[in-house]
Amino acid sequence: MIYVLVAIGFNVIYSTTKIVNFAQGEFLMLGGIIEFILLKYSIPIGISLLISSIVVSIVAIFIHKFLISNTKDANELSLVIMTIGISILIKGVIAVSVDKDAHPIKHFLPFKSVSLSGMTFSSQYIVVMLTALILVFLFYFYLKNTLNGKIMQAVSMNTLAASLFGVNVNMEQMKAFAISGFIGALAGATIAPISFVQYDMGVMFGLKGFAACVVGGFGNNTGALVGGLIIGIAESLSAGYISSSYKDLVAFLIMIIVLFVKPSGLFSSKDVERV
Amino acid sequence: MLRVKNLSVYYDKAIALDNVSIDVEEGEAVCVLGANGAGKTTLLNAIFNVIPKKGKIFFNDIDITDLATHKIVKMGIVYVPDKRTIFNELSVYENLEISAWEIIKNKGKKHFVKNLDAVFEHFTNLEEKQSLKAGYLSGGEQQMLSIAQGLIRAPKMFVMDEPTAGLSPKLMNAVFDIVYFMKKQGITVLIVEQNVNKTLMATDRAYIMEVGKIKESGNSKDFLQSDSIKKAYLGG
Ligand SMILES: Nc1ncnc2c1ncn2[C@@H]1O[C@H](COP(=O)(O)OP(=O)(O)OP(=O)(O)O)[C@@H](O)[C@H]1O
Ligand SMILES: [Mg+2]
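Residues numbered from 1 in each chain as written. Chains lettered and ligands numbered in written order. Predicted model: local features only at pLDDT ≥ 70, side-chain atom pairs only at ≥ 80, totals over all residues. Heavy atoms only, no water.

Quick look at the site of ligand 1
Residue and element names in this part refer to chain B.
- Contacts to ligand 1 come from Y11, A16, A35, N36, G37, A38, G39, K40, T41, T42, E162 and Q194.
- K40 has a polar side-chain atom sitting 2.6 Å from an oxygen atom of ligand 1.
- Contact distances for ligand 1 include 3.1 Å between an oxygen atom and a side-chain N or O atom of E162.
- Class assignment for the residues of the shell around ligand 1 results in 4 nonpolar, 6 polar and 2 charged. (Near = heavy atom within 4 Å. Polar contact = N/O pair within 3.5 Å; in protein donor to acceptor, adjacent residues only side chain to side chain. Nonpolar A, V, L, I, M, F, W, Y, C, P; charged D, E, K, R; others polar.)

Have a look at this one:
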């Protein structure tokens, strides 16, 4: 489920800006790190979740305002490379200003593990699952049922038309970064008790979320949902039935197979711009 | 109402628009005619700041030269470019909702529905297909939707680029009917077209362009009668 959130984070930015944001994993890491710091000062979990998500949204807005929208004569490729630079920068800043250690975070629920029909797993998986379900639902509702959400979709479908109808495209892109930062941080903060927090924890999540996007079809949110679930389930199955040391391989194997068979992804958005 | 002064546009180093000036007075319908590649689309794109340019542009005496596209249209001008302004994956209704989003936000849903009903009077076909995805409309219907999206914004001025391109004679007449309707409503019109006779009949004044320059300007009626001008610039 966590990959669904990462994949949606990628999609939100990609669909409005056509930029693949390789700092998406770092949004997760920042969410986890900020939560860890706040919890150290005994701030309640709910509040630290909220604060870390808002702070990361603001970081995302800054990235868009000062780096992305100010880059002169930018094309998509140079902006994508820029996001790789940003990702390295964020990791560096955290490694220096916090540290490079892995920090545990206690489970959100009062009990550590649950048993279900003979299987025992961390109670945090329930939290991750619920968070993801709620976020996915809210995000879909926003896009499909609110005027603001439709405007955001309009920008991704036909940017020129949107601006001819008075939509401030730059503002919509900034909003996309903010939403993506918020979703990313919440994902990072809820997965933290399972994965620990560390300055480079975002790398693998980012890459696997990227794989989920590719599998589902970049820019397609249903694709993100399905792609994220496929990668997540395949990973747990391979850990269970083969060996957990091959776990990381599976996501990329699936991605490569999909790229071979259907390069545009399972849910490739049918020529969105026929204009 | 719209004053364009000494507008020039360069693509790389090639000049596409060379010191072009045009005026459109309030309530007038003005057309820009010219052969393919004359620079008509370039002129409109430059006015709406879709492409970089040199020169000055005023709307109601306000300098809009450096205003962002989304701010220019907020002043009450609609631009329907030669590319369609529809959102394929959204329904016809949602397409109209988005083009009129400021009306919904500022004046309320009721006002929007009122405008919608008024627009549907001209586009009965779209009314029937409200819930269909815009991408599934026929080419002609998509073109009509683009115009409807502009009309529902209740503009003071309506600018359009070859609205009849690729339309059947019947739909073509429907487009010109809308031009006549806009004139009656007091909406100022600036139209770029290939359909010389019908356009000259529907408009008050005309500019004729050739390779980036305005070659002639005058009353549409006079051009309609002048075979020499039609032969020289408009292919008969
Ligand atoms: N993006 C661009 N880059 C380079 N040259 C361009 C570009 N857009 C247009 N041109 C050139 O500028 C000139 C004017 O083009 P424009 O589209 O304004 O013509 P037009 O009068 O609208 O023609 P049509 O009637 O075919 O629509 C043409 O020679 C065209 O090739
Ligand atoms: Mg043209």
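So, the packing of aromatic side chains
- A complete count under the given rule lists 13 aromatic pairs over all chains for this structure.
- Aromatic side chains F165(A) and F87(B) sit 6.2 Å apart centroid to centroid with 70° between the ring planes, which places their arrangement in the edge-to-face category. Taken together, the residues span two chains, with F165(A) in the loop between α7 (159-164) and α8 (169-195) and F87(B) in the loop between β6 (77-80) and α3 (92-99). Judged on exposure class, the residue F165(A) and its partner F87(B) are both buried.
- In textbook terms, an aromatic cluster arises when at least three aromatic residues are bridged by ring pairs, as seen for F10(A), Y14(A), F22(A), F210(A) and F218(A).
- Against the face of Y14(A) rests K18(A), its NZ or CZ located 5.4 Å from the ring centre. (Phe/Tyr/Trp six-rings, centres within 6.5 Å; stacked < 30°, edge-to-face > 60°. Helix = DSSP H or I, 4+ residues; strand = E, 2+ residues; numbered from the N terminus. Buried < 20%, exposed > 50% of the residue type's maximum accessible area, 1.4 Å probe, protein only. Lys NZ or Arg CZ within 6 Å of the ring centre and 35° of its normal.)

Description of the nonpolar core
- Of all hydrophobic cores here, the largest spans 73 residues; its most connected members are I8(A) and I231(A).
- Non-local contacts of I231(A), meaning those with residues more than four positions away in its chain, are made with Y3(A), A211(A), A212(A), V215(A), A251(A) and I254(A). (Core = buried A, V, L, I, M, F, W, Y, C linked by side-chain atoms within 4.5 Å. Contact = heavy atoms within 4.5 Å.)

Describing the interface of chain A and chain B
- The interface is formed by 24 residues belonging to chain A together with 27 residues belonging to chain B.
- Three residues, L147(A), L164(A) and F165(A), lead the burial of chain A against chain B; their summed loss comes to 32% of the area buried on that side.
- At the boundary of chain A with chain B, the tally comes to 7 residue pairs in polar contact (both at pLDDT 80 or more).
- Within the residue set of the side of chain A that touches chain B, elements represented by two or more residues are α6 (147-157) and α7 of chain A.
- Among the elements that make up the side of chain A that touches chain B, the one with the highest residue count is α6(A) (7 residues). (Buried area = accessible area lost by both parts, 1.4 Å probe.)

A look at helix α3 (residues 45-68) of chain A
- For α3(A), which comprises 24 residues, the first-to-last C-alpha distance of 33 Å matches the rise-based estimate of 34 Å (1.5 Å per residue) to within 8%.
- Structurally, α3(A) contributes buried residues whose contacts are with α2 (24-40), α4 (76-97) and α8 of chain A. (Expected span 1.5 Å × (residues − 1).)

A closer look at a nonpolar patch on the surface
- Together, I126(A), M129(A), L130(A), L133(A), I134(A), F137(A), L138(A) and F141(A) give the surface a local cluster of nonpolar side chains, amounting to about 790 Å² of exposed area.
- Note on L138(A): relative accessible area 48%, which makes it partly exposed. (Patch = residues over 30% accessible without salt bridge, like charges linked within 9 Å, V, L, I, M, F, W, Y side chains within 5 Å. Areas by Shrake-Rupley, 256 points an atom, 1.4 Å probe, with all protein chains shown as cover. Salt bridge = Lys/Arg side-chain N within 4 Å of Asp/Glu carboxyl O.)

Quick word on the domain arrangement of chain B
Residue and element names in this part refer to chain B.
- According to the domain assignment, chain B contains domain 1 (1-76 + 156-164 + 185-236) and domain 2 (85-154).
- Using C-alpha coordinates to define each centre, domain 1 is positioned 26 Å away from domain 2.
- Contacts between domain 1 and domain 2 engage 6 residues on the former and 8 residues on the latter.
- Taking both partners together, domain 1 and domain 2 bury about 510 Å²; carbon and sulfur atoms supply 59% of that area.
- Summed over the three residues of domain 1 that lose the most area to domain 2, namely K74, F158 and P163, the buried surface amounts to 68% of that side.
- Summed over the shared surface of domain 1 and domain 2, the number is 1 salt bridge.
- Taking the shortest distance from any N to any O, the salt bridge between E102 and K74 comes out at 3.0 Å.
- Residues that form the side of domain 1 that touches domain 2 fall into these classes: 3 nonpolar, no polar and 3 charged. (Domains from an automatic or database assignment.)

A word on the pairing of strand β1 (residues 2-11) of chain B
All names here are of chain B.
- Where β1 and strand β2 (residues 14-24) come together, 7 bridges link them in antiparallel fashion. Counterpart to Y11 in the pairing with β2 is A14.
- Between β1 and the antiparallel strand that follows it, β2, lie 2 residues; D12 among them carries a positive phi value of about 55°. (Pairing = 2+ DSSP bridges.)

Notes on the environment of M255(A)
All names here are of chain A.
- By the element assignment, M255 lies in helix α11 (residues 247-261).
- Classification of M255 as buried rests on a relative accessible area of 14%.
- Residues M255 and G92, spaced 163 residues apart in sequence, show a C-alpha to C-alpha distance of 29 Å.
- Once you skip the residues sitting within four places of it in the chain, M255 turns out to touch F210, A211, V214 and V215.

Comments concerning the sheet that holds β2(B)
- Within the open sheet, the 4 strands sit side by side as β2-β1-β4-β5 (chain B). Their pairing is antiparallel. The two strands at the open ends of the sheet, each matched to only one other strand, are β2 and β5 (62-63) of chain B.

Focus: the pattern of salt bridges
- For the structure on display, the rule yields 17 salt bridges over all chains.
- Residues D23(B) and R3(B) are paired through a salt bridge, measuring 3.5 Å at the closest nitrogen-oxygen approach. Remark: R3(B) occurs in strand β1 and D23(B) occurs in strand β2; sequence separation between them is 20 residues.
- When its relative accessible area of 29% is taken as the criterion, D23(B) is described as partly exposed.
- Here E25(B) makes a salt bridge to R3(B), at a shortest N to O gap of 3.8 Å. One end of the pair, E25(B), is in the loop between β2 and β3 (29-34); the other, R3(B), is in strand β1, with 22 residues separating them in the sequence.
- What emerges from the salt-bridge pattern is a single network uniting K150(A), E94(B), E97(B) and K109(B).

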